[in-house]
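# Examining the three-dimensional arrangement
The primary structure of each chain is shown beneath.
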Amino acid sequence: RTGVCIICAMQTPFPTLFKTAAAAASILIMNACAPAPEDNAGQPESETGDGDSNAIAKADFGETKAGEATEIYTLTNKNGLVAKVTTYGATLVELHLPDKDGNLVDVINGFDNVAGYEGDGNQYFGCTTGRVCNRIAKGKFTLDGEEYTLATNNDPNHLHGGGDKALSKQVWKAEPSADTQAVTFSLTSPDGEEGYPGNLSMKVTYTLTDENELRIDYEATTDKATPVNLTNHAYFNLGGAGSGTILSHELTLNADNYTATDDTLIPTGKIEPVADTALDFRKAHVIGERIPDKEAKETADCETSTLGYDHNFVVNGEAGTMRLAARLKDPASGRVMEIHTDQPGIQFYSGNFLMEQEGKGGKKYPFRGALCLETQHFPDSVNHEDFPSTILKPGDTYSTTTVHRFSAE
Ligand code: BGC
């Protein structure tokens, strides 16, 4: 170990007033002070910063099958919230939030080490998704007169960037900030990787603010025109990851419209109103109340091709400006998450393919045990001229921000 464990050095017990901070600190104490097990994935080995409270703990997260080392970084804010991020897939691994009584719990699905993320149970848990998130019809598009063919890894379509070289399966380079609770991950995807044109250089920064926000900033540049659509694929259960289903969560979506799709979840091109359908979340609704069911279409108010919610909503207001996209509340714990974004759309996916896989600390993630709210450009935009463009040109910078704001009531 190269760093000093600042938490262990603290003598005074935490006053009850700082219950959440104390609970978070105890998480750090557990991680930072526990004797290193044989496989020391997850154990802090050093800290960055100037040795004061800005220190960001860094630990080994295990080796990939290909023998690459991975790391995990711990961000903590003054209220005791904790976020952990790994270089594997520039992935959000843990997010500890207080409930209305100040009790911290980890609210996202994930695994204890990189081996879990490389295993069959990983359905894009918490990763940076791309180069193009969501679907591209039949894995084909034409750009500047050239036809490109991508992996059809979600038969018959391309999903979330494709195969082994999708961004979620690569080891990114990490740069922790010296003065804020932030880590920047960078990666250059070479021309032709996963079939996409252009050398694409990307940066993804996770920042945990003292205003109880997890902010994700994305940036990319290219040397050849190419489609780019980056998102984060965290699965949330505000009652605690692995604590049951999200059917009793209340969701509000700031969206009057959604993009209608065919049976393979490719947009037909029509933008449809949510009014009078099970997709109308303009006022808060309990998710389980009207969940669309592929097996019983007639019981749902909307046409659906999915086993639950798996729809792209058109966020009201001007794309390119920050505005509220979603508000999620778990009434039992009181935890609330607001999502603000400059993106034109948000995919609400109700965990329809979760399959009771085992995750962090042996917790199981059941069918609809967590949900995703993925801020994005619309699916298959590269094949829809009238959708907001996903094409990044040389000389331009792709830049987008999504902020998750947490509270409890
Ligand atoms: C998609 C789902 C897909 C899931 C995979 C979501 O973004 O909308 O259709 O099954 O990702 O984890």
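Residues numbered from 1 in each chain as written. Predicted model: local features only at pLDDT ≥ 70, side-chain atom pairs only at ≥ 80, totals over all residues. Heavy atoms only, no water.

## Details of the overall build of the protein chain
What counts, and what does not: Helix and strand assignments follow DSSP, with helices taken as H or I runs no shorter than four residues and strands as E runs no shorter than two, numbered in order from the N terminus. Whether a residue is buried, partly exposed or exposed follows from its accessible area with a 1.4 Å probe, protein chains only, as a fraction of its type maximum: under 20%, in between, or over 50%, in that order. Per-residue and other accessible areas follow the Shrake-Rupley method at a 1.4 Å probe size, with only the shown protein chains counted as cover for residues.
Across its full length, the protein chain holds three helices and 30 strands. In the protein chain, which comprises 409 residues, the proportion classed as buried is 56%. Accessible surface for the protein chain amounts to roughly 16700 Å². Of this, 48% is attributable to carbon and sulfur atoms.

## What about the sheet that holds strand E14 (residues 200-208)?
Applied cut-off: When DSSP locates at least two bridges between a pair of strands, those strands are taken to pair.
Strand order in the open sheet formed by nine strands is E12-E13-E14-E15-E30-E24-E23-E18-E21, and the pairing between neighbours is antiparallel. Each end of this open sheet is capped by a strand with a single partner; those strands are strand E12 (173-176) and strand E21 (285-286). With two bridges joining them, strand E18 (residues 250-253) and E21 adopt antiparallel strand pairing. Opposite Glu250, over in E21, you have Val286 as the bridge partner.

## A look at the sheet that holds strand E19 (residues 257-261)
Heads up, the rule is: To obtain an axis, a line is fitted to C-alpha atoms, over the contacting stretch when the element is a helix, and the angle between two such axes runs from 0 to 180 degrees between their N-to-C directions.
Strands sit in the order E20-E19-E22-E25-E28 across an open sheet of five strands; the sheet is antiparallel. Both outer strands of the open sheet, strand E20 (267-273) and strand E28 (372-376), are each paired with one neighbouring strand and no more. Neighbour-to-neighbour, the strand axes of the sheet open up by a mean angle of 30°, direction not taken into account. As paired strands, strand E22 (residues 310-314) and strand E25 (residues 345-349) are joined by five bridges and run antiparallel to one another. Pairing of Phe313 across the sheet is with Ile346, part of E25.

## A word on the pattern of salt bridges
Using the following cut-off: Basic side-chain nitrogens of Lys or Arg form a salt bridge, by our definition, when they fall within 4 Å of a carboxyl oxygen of Asp or Glu.
According to the stated counting rule, one finds nine salt bridges in the structure shown. A salt bridge links Arg282 to Asp280; its shortest N-O distance comes to 2.8 Å. The class for Arg282 is partly exposed, based on a relative accessible area of 38%.

## Some details on unusual backbone geometry
Arg131 follows Gly130 through a cis peptide bond whose omega is 15°. Locating Arg131 in the fold gives a position in the loop between strand E7 (128-129) and strand E8 (135-136). In this model, Asp155 is joined to Pro156 through a cis peptide bond whose omega is 5°. Locating Pro156 in the fold gives a position in the loop between strand E10 (146-149) and strand E11 (158-159). The backbone phi angle of Leu265 is positive, close to 65°, even though this residue is not glycine.

## Some points on the packing of aromatic side chains
Worth spelling out the cut-off: A pair of Phe, Tyr and Trp rings is counted when the ring centres sit within 6.5 Å of each other, with Trp represented by its six-membered ring. The angle between the planes then sorts it: under 30 degrees is stacked, over 60 is edge-to-face, the rest tilted.
Under the counting rule described, the total for this entry stands at 14 aromatic pairs. Summarising the aromatic geometry, the rings of Phe125 and Tyr365 are spaced 5.7 Å apart at their centres and angled 80° between planes, so their arrangement reads as edge-to-face. Of the two residues, Phe125 sits in the loop between helix H3 (114-118) and E7 while Tyr365 sits in strand E27 (residues 364-365), which places them 240 residues apart along the sequence. There is no split in this pair, since Phe125 and Tyr365 are both buried. Judged by centre distance (5.9 Å) and plane angle (90°), the rings of Phe281 and Phe348 are edge-to-face.

## A look at the nonpolar core
Using the following cut-off: Only buried Ala, Val, Leu, Ile, Met, Phe, Trp, Tyr and Cys residues count toward a nonpolar core, and they belong to the same one when joined by side-chain atoms within 4.5 Å. Contacts: residue pairs with any heavy atoms within 4.5 Å of one another.
Counting residues in hydrophobic clusters, the biggest one holds 59 residues, and the most contacted among them are Tyr206, Leu253, Ile287, Phe313, Ile346, Phe348 and Leu373. The element that contributes the greatest number of residues to this core is E14, accounting for five residues. Excluding its chain neighbours within four sequence positions, the residues that come into contact with Leu373 are Ala234, Leu251, Leu253, Ala326, Met337, Ile339, Ile346, Gln347 and Phe348. Among the nonpolar cores identified, the runner-up in size contains 16 residues, and Phe61, Phe111, Tyr117 and Tyr365 belong to it.

## Regarding the pairing of E22
By the criterion of burial, E22 is predominantly enclosed, with five of the five residues buried. Here E22 shows no split at all, with Asp310, Asn312 and Val314 on one side and His311 and Phe313 on the other all buried. As paired strands, E19 and E22 are joined by two bridges and run antiparallel to one another. Within E22, the residue paired with Asn257 across the bridge is Val314.

## Here's the deal with the side chain of Ser350
To keep things clear, this is the line we draw: Whenever two N or O atoms come within 3.5 Å, that pair is a polar contact, provided that in protein one can donate a hydrogen and the other can accept it, and provided that, for residues adjacent in sequence, both atoms are side-chain atoms.
Tracing the backbone shows Ser350 in the loop between E25 and strand E26 (357-358). Overall, the relative accessible area of 0% leaves Ser350 in the buried class. Separated by 2.6 Å, the side chains of Ser350 and Asn352 make a polar contact. Ignoring anything within four residues of it in the chain, the contact list for Ser350 reads Ile246, Ile291, Gly308, Tyr309, Arg368, Ala370 and Leu371.

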